[in-house]
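Read off the chains here:
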Amino acid sequence: MNLPNIIRPEHTFIGVSAPAKWRALQTIADKAAMAFSVDAQIILKALEAREKLGSTGIGNGIAIPHAAIETMSSPRGLLIRFSRPLDFEPIDDIPADIAVVLLFGEDNRGEYLNVLSAIARRLQSDDVLAAMRKARTADEFYSDFISDPRT
């Protein structure tokens, strides 16, 4: 899975501020709209609908908000570190300070599952997470996420 084709350095943000999960989804929708030229309200509605099905907080301080967007032709994502952790209602009750956002087209459901799996595998590494949390710049944060921990 070639994550750098899906999540690019210019779509990486640190210090993102939001008072709660639902406001964070609005901020994410705004950033994604600018990055991918899709209406922010369409993105927000899709993210909110997905979140209502079940939390995208996967634990260990990580959330992976994701949704299908009709007009998107291929999976695209954002990499975000919040200025303060937010309650994405994960099973371990640890608020999320890192979010990997994934948006995909209706016709890409099979591919997006592979992308979600690759993202989840990458974030299982304690070394990757520790480096991401220590990163001082968006470039460092992105590099820590993208670099293969096996090398």
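Note that the structure is predicted; figures quoted are calculated from it, not measured.

Novice: Could you give an account of unusual backbone geometry, with specific residues and numbers?
Specialist: Trans peptide bonds make up most of the peptide bonds, and negative phi angles are found at most residues other than glycine. The residue Ser37 is not glycine, and still its phi comes out positive at about 55°. Residue placement: Ser37 occurs in the loop between helix H2 (21-36) and helix H3 (40-53). The class for Ser37 is exposed, based on a relative accessible area of 71%. Positive phi outside glycine occurs at Asn60, with the angle close to 60°.

Novice: Please set out the environment of Val16 residue by residue, giving values where relevant.
Specialist: By the element assignment, Val16 lies in strand E1 (residues 7-16). C-alpha separation for the pair Val16 and Ser83, spaced 67 residues apart in sequence, amounts to 5.3 Å. Excluding its chain neighbours within four sequence positions, the residues that come into contact with Val16 are Thr27, Lys31, Ile80, Arg81, Phe82 and Ser83.

Novice: Residue-level account of the packing of aromatic side chains, with values.
Specialist: Given two aromatic rings, their pairing is described by the distance between the two centres and the angle made by the two planes. Scanning the entire structure with this criterion turns up two aromatic pairs. Taking the centre distance of 6.2 Å and the plane angle of 25° together, the rings of Phe82 and Phe88 count as stacked. Geometrically, the ring pair formed by Phe104 and Tyr112 is stacked, given 3.7 Å between the ring centres and 10° between the ring planes. Residue classification places Tyr112 among the buried positions, given a relative accessible area of 11%. Between the NZ or CZ atom of Lys31 and the centre of the ring of Phe13, over which it lies, the distance is 4.3 Å. Taking the ring centre of Phe141 as reference, the NZ or CZ of Arg81 above it sits at 5.4 Å.

Novice: I'd like a description of the pattern of salt bridges, backed by residues and values.
Specialist: Working definition: two side chains of opposite charge can pair if their charged atoms are close together. Tallied over the full model, the rule gives three salt bridges. Here Glu89 makes a salt bridge to Lys21, at a shortest N to O gap of 3.3 Å. Of the two residues, Glu89 sits in the loop between strand E5 (76-86) and strand E6 (96-104) while Lys21 sits in helix H2, which places them 68 residues apart along the sequence. Owing to a relative accessible area of 4%, Lys21 belongs among the buried residues under this scheme. One salt bridge connects Asp97 with Arg133, and the closest N-O pair in it is separated by 2.8 Å. Of this pair, Asp97 sits in strand E6 while Arg133 sits in helix H5 (residues 126-134), placing them 36 residues apart in sequence. Here the salt bridges share partners, and the residues they tie into one network are Lys21, Glu51 and Glu89.

Novice: Report on H2, specifying residues and quantitative values.
Specialist: The end-to-end C-alpha distance of H2, which contains 16 residues, comes to 22 Å, matching closely the 22 Å that a straight helix rising 1.5 Å per residue would cover. Of the residues making up H2, those classed as buried are Lys21, Ala24, Leu25, Gln26, Thr27, Ile28, Ala29, Ala32, Ala33 and Phe36. Against E1, H3, E5 and E6 lie the buried residues of H2. Immediately downstream of H2, the backbone of Ser37 shows phi near 55°, a positive value.

Novice: If you had to explain the pairing of E5 to someone new, which residues and values would you point to?
Specialist: Taking burial as the measure, the 11 residues of E5 include eight buried ones, the bulk of the element. The pairing of E1 with E5 spans five bridges and is parallel. Pairing of Ile14 across the sheet is with Arg81, part of E5. Pairing of E5 with E6, which is carried by seven bridges, proceeds in the antiparallel orientation. Within the sheet, the bridge partner assigned to Leu86 lies in E6 and is Ala96.

The rules behind these values
Residues numbered from 1 in each chain as written. Predicted model: local features only at pLDDT ≥ 70, side-chain atom pairs only at ≥ 80, totals over all residues. Heavy atoms only, no water. Helix = DSSP H or I, 4+ residues; strand = E, 2+ residues; numbered from the N terminus. Buried < 20%, exposed > 50% of the residue type's maximum accessible area, 1.4 Å probe, protein only. Contact = heavy atoms within 4.5 Å. Phe/Tyr/Trp six-rings, centres within 6.5 Å; stacked < 30°, edge-to-face > 60°. Lys NZ or Arg CZ within 6 Å of the ring centre and 35° of its normal. Salt bridge = Lys/Arg side-chain N within 4 Å of Asp/Glu carboxyl O. Expected span 1.5 Å × (residues − 1). Pairing = 2+ DSSP bridges.

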